[in-house]
Structures are given as C-alpha cells and as structure tokens.
Amino acid sequence: MRRFWFWVAAMAVIVVLGSYAVRAIAFAMVPDAPIERYGGFHVGLSLPIPVVQVAPHWHAIIALWCMLAALAVCGWQAARSVATQHQPSLWPIMLGYALVAGVFTFFSVTLSIDSYYYAAFARLFGVYGIDPYVLVSPIRVADPILTKEYTLLHNPPFPDPYGPGFTLLAGLVGRLEINATLWQQLWTWRLISVASCLGILAALARLLARAPARERVQRLALVAFHPLVLYESGAGGHNDFLMVAAALWSYAIVDELPLIAGLLLGAAISIKYFAAILLPFIAIRAARKNLVAPALIVGLAVVVPVLCFHPFTFGHTGQTTLAKVGANLSMSLTWLVSLPLLMFKASAAGAAQPWLDTALRCIQFAVGAAFLAIILVAAIAYARRAKSALILRCVTALLWSLPALHPWYGIWLAPGAAVRSAWAPYAWWFCALMLLIYAHEAVLPTPVNHTIFIAIAVVVLAVPIIIARRATQGLMLPQAPQAAAEPQEGAQA
C-alpha cells in the first residue's frame, strides 16, 4: 500500500503546484491583453475564483494540460498499485480520491463559468424568490454578490437551462448560504460535486461486486483517479456529477428496489434532462422481474421532474433557452460537418441566406435521427441480452450528437472506464482528450486558433476509436499473482 499512497500524495502535490502555476501564468498575461480587446479576460481574472477565458496566449491552458497529464500518469500508477494490498479494499480508493479532489476544491482558477451560474440561480431563487427560468429584464435587486456576478454573467443572466430538481437544490443551498461570500458559495458547489462523485464510485463498486476483488479495486481506481474526474469534480464543480450519481444508482438497484430506482432516475432527469437516455434500459431490466415495475419506473421518472417544476414557470422563455443552447455549435461532430456552411455564412457578411439556416437545421436533424436510431436498436438488443456495452454505445452516441461539446460532458461516459471490454480504453481516452476542448474557451478565437480547434475536435472524436480498436480486453492492468486463481464471472457488470 505504500506505493499507492505515494502516488496519491504525488497527485495532491501536483494539484497544489499546478494551481499556483496556472494562476501565476494567467495573471502574467495581463500586460499582453489590452482591455478593449480582452475585456472578458480581465473580468474573469477579477472574480473571487478567477475565470481564465479568451486569453491572449495559450500559456495557461498548456500549463493546465501538463498538470492534468501528470495526474493521468500518477492516477494510472495508483490503479496499478492498489491491488498490492493483502486484502484489496475499496476504502483506500475512496479516501485517496477524497484527498486529491479535496485539494482540488481549493484550485485557484477555473476555466468554466458554470459554477457562477449555479451561485446566481441559487441566490435569485433561494434568497429573493425570483424564477430563474424567466429572466427577460434587468434584475432590480441591490445585492453585492449578484452585482459582482453580473460583471461576468450580465444582467439579466442567461436563463436557467437546467432541470427543476437542480434549481430547487440550488435554491436550498442559496437559502442556507444567505450570508456566505461568493467564494464560499462557489466552493460549496465544488464540495457537492466531490460528494456526488463519491456516490458514483459507490454505485460502480456495487455494479462490480461480482468481479474478482483485485480487479474490482483496480477498475474503480481507473475512474476515481481519472484526470477529468478529479478536475471537473474538485475544480469544475459541475452538476453533471449529481445527475450521473443519481442515474447510476438507479441502474445499480433496479433489480432489488425498482421504485427507488424510478425515483432516482426521475431525480437525475430533473437535474439534467440527458439522463432520460437511461429510461428504456432501466425499464427493460425491471421488466425481467414483473411487468408492473417498468410502468411504475417510467411513471416516477416522469412525475418527479413535473412535480419539481411546480414552483417555476417554464413556458415560452424556457423553450427559447433550450433552443438557444441547442443552436450553439461548438467542437462537436455536428459542428465539424457544418463548418463549410458556417464559413460560407460568415463570408456572406450579414447577407440574408435563409437556405443556410435550413441546411444547418437539416444537419442537426440528421444527426439527431441517427442518435434515436442507435437508441432504438440498442434497446431492442438490450431486451435480448442486458449488456452494459449497449448503454455505453448510447451515451457515446448522445455525446457525438450534441451540437456543442464541453469537457465536463465526458463525465457521463467516465464510468465506462471500469468495464471489462474495449469500451474501457475508449471511455478512458475519450474522457481524457475531452479536456483538450477547453482550448475553445481558454483562448481568444482567431483564424489560427480556429484551425487548432478543428484539429482538437477531430482528435477527440477519432483517437479513442483507434485506441479501442487495438484493445482486446479493455484497460487490463497487471494483476498480482494471487488474483490468477480468483473466479472471473461478473467482471462485465
């Protein structure tokens, strides 16, 4: 176990050094960022947890990538060494993750502004009772915390694009932190993400319960110490961890507790609507016990979000918000396919070209139709034989079909790194390479940078496929000699 804790300590030290280096490099770029062109960069650095976006150089994001690459190496070594203990246990993994992620919660900067939105929605709804789904005019509330946030989010902020369950939770957090500083509110969301990730690891441990003990702890460690998981939970503080934790536990307990599974899936959907992708698979799995359970699960999964919407007015404004999110193309397959049209539209210099918008919508429709076809085929196959690979295929199809990719979306696929098939290296590398997409937000878009963005998108989509096709047994790690005699059944859970 000494080797394991050595690598855990090394990760904690790397995070501390990386936090100092990225912040120092970000502020060192200020003299090269004239305010008239890099106003957003200056605004981001003025916040309690500085936001490093639209910077004049690549220095800060390259430093962050170097830190994350070092974490990936150390995390891999920790997963290799965790099985050397005499009696493999999950607790060192949980404790090791909590230690490294806990250090990450004090990371000095962030590259995403989402946590600032969380804090704004929490304060608007939890403290002032303002519906965050209907923000169409400037908010007339004299609140120093909101005023500071408006410099980044504007007034009014972009309306709430998340599910009502998350907004209710945010309101509760905002109410409890009515006198907290903005830094403390942002840190709370980091803590919530870390706690949610511990829930994800616990659900994975349950799903891997029948795997050999040493293989089980190694595969769990691959997820726990993945650089994307560590960074996005500790520093990013994204609500995707809440959604994945609820959805994964729903899948883990559906055989024994179908009603609780339905409630958990409904909670996941009410946090982020994407969790609905699991609904057909959980319903099919429940149908193997009896025909009543699937109906109850579907009913609960729908009723929970509907009930959570009771205090809010979704209506036209909410639909417009989701439509704007769906129309934003960035670093995705749809974006790559649409690039010729987007470039032609930009060269049209504002001239009306209605056929261009129609063509772009047709591309999105075609990609969406392909995604739905994959879901249908996978659900039919799952009804014949319940294989986790089918769910991973659908999650991957969902990611590929999104109009815009963001690094934290990789969390949806991260549990796939624990399976025993070629999906494991695909999931591990896809999630790792997703961190490259931060380039789109970290530096100011220019013609040269735009070319690099295209190259990054191609790498993220193509390289994991190449690696997975070369893999035969997934991310199989060296086993201790004692593990050879252990049974292998259940390793595909």
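Here is what the cut-offs are and how they apply
- Residues numbered from 1 in each chain as written.
- Predicted model: local features only at pLDDT ≥ 70, side-chain atom pairs only at ≥ 80, totals over all residues.
- Heavy atoms only, no water.
- Helix = DSSP H or I, 4+ residues; strand = E, 2+ residues; numbered from the N terminus.
- Buried < 20%, exposed > 50% of the residue type's maximum accessible area, 1.4 Å probe, protein only.
- Contact = heavy atoms within 4.5 Å.
- Areas by Shrake-Rupley, 256 points an atom, 1.4 Å probe, with all protein chains shown as cover.
- Core = buried A, V, L, I, M, F, W, Y, C linked by side-chain atoms within 4.5 Å.
- Axes fitted to C-alpha atoms, helices over the stretch in contact; angles between N-to-C directions.
- Parallel < 35°, antiparallel > 145°, perpendicular 65-115°, else oblique.
- Left-handed = near helix turned anticlockwise from the far one by under 90°.
- Phe/Tyr/Trp six-rings, centres within 6.5 Å; stacked < 30°, edge-to-face > 60°.
- pLDDT = per-residue confidence, 0-100.
- Nonpolar A, V, L, I, M, F, W, Y, C, P; charged D, E, K, R; others polar.

> Before we go on, may I ask you to explain the overall build of the chain in this structure?
Along the backbone of the chain there are 21 helices and zero strands. Here the chain holds 493 residues, and the buried ones make up 56% of them. The contacts in the chain between residues at least 6 apart in sequence include a share of 79% that link residues at least 24 apart. Total accessible area on the chain is roughly 20600 Å²; 69% of this is exposed by carbon and sulfur atoms.

> Mind showing me how you'd approach the nonpolar core here?
Side chains that are nonpolar tend, in soluble globular proteins, to be buried together. In this structure, Tyr97, Phe107, Phe225 and Tyr231 are the most contacted members of the largest nonpolar core, which totals 167 residues. Residues within four places of phenylalanine 107 in sequence aside, it is in contact with Val15, Gly18, Ser19, Val22, Ile49, Leu64, Met67, Arg190, Tyr231 and Ala235. Leu341, Leu356, Ala359 and Ile363 belong to the second largest nonpolar core, which has five residues in total.

> Help me understand the packing of helix α13 (residues 279-287) against helix α17 (residues 354-384) in this model?
Packed helices, taken two at a time, are described by the angle their axes make and the gap between the axes. Close contact between α13 and α17 brings their axes to 10 Å; oriented N to C, the two are set at 20°. Classified by the angle their axes make, α13 and α17 are roughly parallel. For α13 against α17, the interelement crossing comes out right-handed. Contacts between α13 and α17 involve Pro280, Phe281, Ile284 and Arg285 on the former and, on the latter, Ala378, Ala379, Tyr382 and Ala383.

> For this particular structure, what's the right way to read the packing of aromatic side chains?
Aromatic rings considered in pairs are described by the distance between their centres and by the relative angle of their planes. Tallied over the full model, the rule gives 32 aromatic pairs. When the centroid spacing of 6.1 Å and the interplanar angle of 85° are considered together, the rings of phenylalanine 107 and tyrosine 231 count as edge-to-face. Placement of phenylalanine 107 in the loop between α4 (91-104) and α5 (114-128) and of tyrosine 231 in helix α10 (residues 227-236) is noted, with a sequence separation of 124 residues between them. Pair check on accessibility: phenylalanine 107 and tyrosine 231 agree, each one buried. Here the aromatic residues Phe104, Phe107, Tyr231, Phe274, Trp408, Tyr409, Trp412 and Tyr438 are joined through ring pairs into a cluster of three or more.

> What is the right way to read the confidence of the model for the chain from this model?
Low pLDDT means the predicted coordinates in that region are not meant to be read closely. With 94% of its residues at a pLDDT of at least 70, the chain reaches an overall mean of 90. Segment residues 478-493: pLDDT under 50, and 28 contacts once partners within four positions in sequence are set aside and those in other chains are kept.

> I keep staring at the packing of helix α19 (residues 423-434) against helix α21 (residues 447-470) and nothing clicks. Help me out?
Close contact between α19 and α21 brings their axes to 8 Å; oriented N to C, the two are set at 155°. In this view, α19 runs roughly antiparallel relative to α21, as classed from their interaxial angle. Crossing angle aside, the handedness with which α19 passes α21 is right-handed. In contact with Pro425, Tyr426, Trp429, Phe430, Leu433 and Met434 of α19, α21 contributes Val459, Val460, Leu461, Val463, Pro464, Ile465, Ile467 and Ala468. The residue inventory of the contact of α19 with α21, partitioned by class, reads 14 nonpolar, no polar and no charged.

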